[in-house]
Amino acid sequence: MASIYGQFAKHFSTAEEMEAYKKKIQATLPSPEPELTLQLFYSEDAEAKKAVAPSITPAGTAEPKPFTAMLNGTATNQLTNISTHSNPPIVDAITGNATIKQGALKVFIDSYNELTGGLRTSTHKLLDACTIALTQQNHYRGKDDKLNPLVTIPLERFMELCGIPLTKPSKDKTRRKVKEDLETLYHISMEWTEASGRNTKDFAKMRVCDRIALNRGNIIFSFSLDMAKYLTNAYLMQYPMELLKVDERNPNSYHIGKKLLLHNSIDNNKRKGTANILSVKSLLEVCPDMPTYEQVLATGRQLDQRIKAPFETALNSLSSFLNWEYCNSKGVPLTEDQLQSTDYATFEKLLIKFAVIGVPDQTARLEARAEEAKARSDKKKRTTSKKTADKPE
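Residues numbered from 1 in each chain as written. Predicted model: local features only at pLDDT ≥ 70, side-chain atom pairs only at ≥ 80, totals over all residues. Heavy atoms only, no water.

A short note on the sheet that holds strand 5 (residues 150–154)
- If you trace the 3 strands from one edge of the open sheet to the other, you get 5-9-8, paired in antiparallel fashion. Since the sheet does not close on itself, it has two edges, and those belong to strand 5 and strand 8 (209–215), each with one partner. The average angle at which neighbouring strand axes cross in this sheet is 10°, direction not considered.
- Examined bridge by bridge, strand 5 and strand 9 (residues 218–223) share 5 bridges and lie antiparallel to one another. Within strand 9, the residue paired with Val-151 across the bridge is Phe-221.
- Those strands touched by helix 5 (residues 121–136) are strand 5 and strand 9, and its axis lies near 70° from that of strand 9.
- Against the sheet, helix 7 (residues 168–186) contacts strand 8 and strand 9, and its axis sits at roughly 165° relative to strand 8. (Pairing = 2+ DSSP bridges. Helix = DSSP H or I, 4+ residues; strand = E, 2+ residues; numbered from the N terminus. Axes fitted to C-alpha atoms, helices over the stretch in contact; angles between N-to-C directions. Contact = heavy atoms within 4.5 Å.)

What to know about the packing of aromatic side chains
- Here the structure, examined in full by the defined rule, presents 9 aromatic pairs.
- With centroids separated by 5.0 Å and ring planes inclined at 65°, the aromatic side chains of Trp-192 and Tyr-230 adopt a geometry described as edge-to-face. Remark: Tyr-230 occurs in helix 8 (residues 225–232) and Trp-192 occurs in strand 6 (residues 188–196); sequence separation between them is 38 residues. Tyr-230 matches Trp-192 in its accessibility class, with the two residues each being buried.
- Three or more aromatic residues link up through ring pairs in this structure, and these residues are Tyr-293, Phe-311, Trp-324, Tyr-326, Tyr-344 and Phe-347.
- A cation sits over an aromatic face here: Lys-205 above Phe-108, 4.3 Å from the ring centre.
- Looking at Arg-207, its charged tip hangs above the ring of Tyr-186, at a distance of 4.4 Å from the centre. (Phe/Tyr/Trp six-rings, centres within 6.5 Å; stacked < 30°, edge-to-face > 60°. Buried < 20%, exposed > 50% of the residue type's maximum accessible area, 1.4 Å probe, protein only. Lys NZ or Arg CZ within 6 Å of the ring centre and 35° of its normal.)

Comments concerning the packing of helix 5 against helix 7
- Where helix 5 contacts helix 7, the two axes come as close as 9 Å, and the packing angle between them is 75°. By the angle between their axes, helix 5 is roughly perpendicular relative to helix 7. Contact residues: Ser-122, Thr-123, Leu-126 and Leu-127 in helix 5; Lys-177, Val-178, Asp-181, Leu-182, Thr-184 and Leu-185 in helix 7.
- Looking at the contact of helix 5 with helix 7 residue by residue, the class counts come to 5 nonpolar, 3 polar and 2 charged. (Parallel < 35°, antiparallel > 145°, perpendicular 65-115°, else oblique. Nonpolar A, V, L, I, M, F, W, Y, C, P; charged D, E, K, R; others polar.)

Some points on the sheet that holds strand 4 (residues 105–109)
- Taken in spatial order, the 5 strands of this open sheet run 2-3-4-6-7, and their pairing is antiparallel. Across the chains shown, the open sheet's two edge strands, defined by having one partner strand only, are strand 2 (90–91) and strand 7 (199–207).
- As defined by bridge partners, strand 3 (residues 98–102) adjoins strand 4 across 5 bridges and the pair is classed as antiparallel. Paired with Gln-102 across the bridge in strand 4 is Leu-105.
- Most of the contacts of helix 8 go to strand 7, to which it runs at about 145°, and overall it touches strand 6 and strand 7.

Notes on the packing of helix 9 (residues 251–265) against helix 13 (residues 303–316)
- It is the contact of helix 9 with helix 13, at a shortest axis distance of 8 Å, that shows an interaxial angle of 65°. Crossing handedness for the pair helix 9 and helix 13: right-handed. Across the interface between the two elements, Asn-252, Ser-253, Ile-256 and Leu-260 from helix 9 touch Phe-311, Ala-314 and Leu-315 from helix 13. (Left-handed = near helix turned anticlockwise from the far one by under 90°.)

Things to note about the pairing of strand 6
- Note: strand 4 against strand 6, 5 bridges, orientation antiparallel. From the neighbouring strand, Val-107 faces strand 6, where its bridge partner is Met-190.
- Sheet topology note: the strand 6/strand 7 ladder contains 7 bridges and is antiparallel. Bridging across to strand 7, Ser-196 finds its partner in Asn-199.
- Following strand 6, the chain reverses through 2 residues before pairing antiparallel with strand 7; Gly-197 in that reversal takes a positive phi of roughly 65°.

Keep in mind that these numbers describe shape and distance, not what the molecule does.
In structure tokens:
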């Protein structure tokens, strides 16, 4: 608890006031869980190993925790929504380099025609696993000189996390796929803009990683230093390890699951009471393998079979960590007319009300942040009042 109180101490007028606040927060916190001792990855930095308290345990020791913290940023979140299988990029005929635009993000893939994998669900899962490892071996918003961007994940451990059986045929197939996905990630660089307070911040072209290998049964992945700095100073979400196990034959499952989890993890959504409600339209927009309304109309009118049914199948496939239902604004249940309606316009306007099963409670942390914000505001008011009082007439 010292780390939490330390950052607030300067906002209290007396030691007694701070002690009263400490007791209030302590009463809201859950009992500490036993610390786990083994990790998803191997770090070449001995000091980094000592500092890690990971939340993923090896098979045969204990059940993995259902959730773990994962760094995320605007750029990597938008990258998640890209599939080169369904949306082929623009490839320069001379250089062979590809360019993809997704919102405010521009993705560059060098020597695209030489790659055999492309951006697909397995690529995103691998990047998630590497980002979890990066999260576990670094301090969130810590000092740059202590940053360790190099992570190592045993291939067999990665297979277990993805629910892949450890048979020789499965290992051979996974090894080939991981090599392809590593090559894809190695060839990617990105540039983008994102909101920063009231301003917009521009990020120059940045590589995702600068070293990859699959060596002696270990996945070696080193984030570029700029990307590692960006992620460790971005945001944290609670990531259910079950997301790595979703069936890649239905790529919509991963994209929809990631979108719902990111939406649920945003503090501002929690404060506004909208963290568990998202529109059908916004979820369809992150499904690159789902045909659009216009595409379906151009090839027939099977809207239910080609959009609605696959959409619901994808949501149902996330049942190990998420339940859902259709609703109206503020979670109001559907009317009888809506339940009976079969037209696409009604479907697209619906909202999804969902609950993330087993997600760690963030109430104490949010209350602590609110207390900190109030303390800053009160201090600012006292400073302003003092300046006004001292100002000569």
